[in-house]
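This is what each chain is made of:
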Amino acid sequence: VGLWSPCSNTCGPGNQTRAVTCSGRSCSAAMPVESQACYGTESCTWLLGNWSTCNTTCGSGTVTRDVSCSSGSDADCSGVRPHA
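This section reports on the structure supplied with the text. Remember, it's a predicted structure, so these values are computed and weren't measured experimentally. (Residues numbered from 1 in each chain as written. Predicted model: local features only at pLDDT ≥ 70, side-chain atom pairs only at ≥ 80, totals over all residues. Heavy atoms only, no water.)

The next thing to look at is the state of the cysteines. One pass over the full model with this rule turns up three disulfides. Shown here is the disulfide that connects Cys 7 with Cys 38, its sulfur atoms set 2.0 Å apart. Between Cys 7 and Cys 38 the disulfide shows an S-S torsion of about 90°. By sign, it is right-handed. Separated by 31 residues along the polypeptide, Cys 7 in the segment before strand S1 (12–17) and Cys 38 in strand S2 (residues 35–40) bring together distant segments of the chain. Here Cys 7 and Cys 38 have matching classes, each one buried. Here Cys 11 is linked by a disulfide to Cys 44, with a sulfur-sulfur distance of 2.1 Å. Between Cys 11 and Cys 44, the S-S dihedral sits near 110°, and the bridge is therefore right-handed. (Disulfide = S-S within 2.5 Å. Helix = DSSP H or I, 4+ residues; strand = E, 2+ residues; numbered from the N terminus. Buried < 20%, exposed > 50% of the residue type's maximum accessible area, 1.4 Å probe, protein only.)

Here is the structure:
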């Protein structure tokens, strides 16, 4: 049985495989699995939307933007979540 390959996706769900071979009597036993699901997070990044226009035309107001992780789950992105 070989080592597992790296996950096919570095941000989100993927698959990893390994070589499985048998010889002689061991071939009659159940074969180990050759692939399995995996979940990569090493290349997940924060996606930042454009700032909105100010919600007021005079005085103090507020601007907002969408902020999300590229995987769809904020827990997968490292570092502090940017301000929205």
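There is more to say, and it comes next.
Along the chain, Gln 16 turns up in strand S1. Owing to a relative accessible area of 15%, Gln 16 belongs among the buried residues under this scheme. Within the local environment of Gln 16, its side chain forms a polar contact with the backbone oxygen of Ser 5, the two atoms lying 2.8 Å apart. One polar contact links Gln 16 to Gln 36, side chain to side chain, over a distance of 2.8 Å. Not counting the four nearest positions on each side in its chain, Gln 16 is found in contact with Trp 4, Ser 5, Pro 6, Cys 7, Glu 34, Ser 35, Gln 36, Ala 37 and Cys 38. (Polar contact = N/O pair within 3.5 Å; in protein donor to acceptor, adjacent residues only side chain to side chain. Contact = heavy atoms within 4.5 Å.)

Geometric values such as these leave the question of function open.
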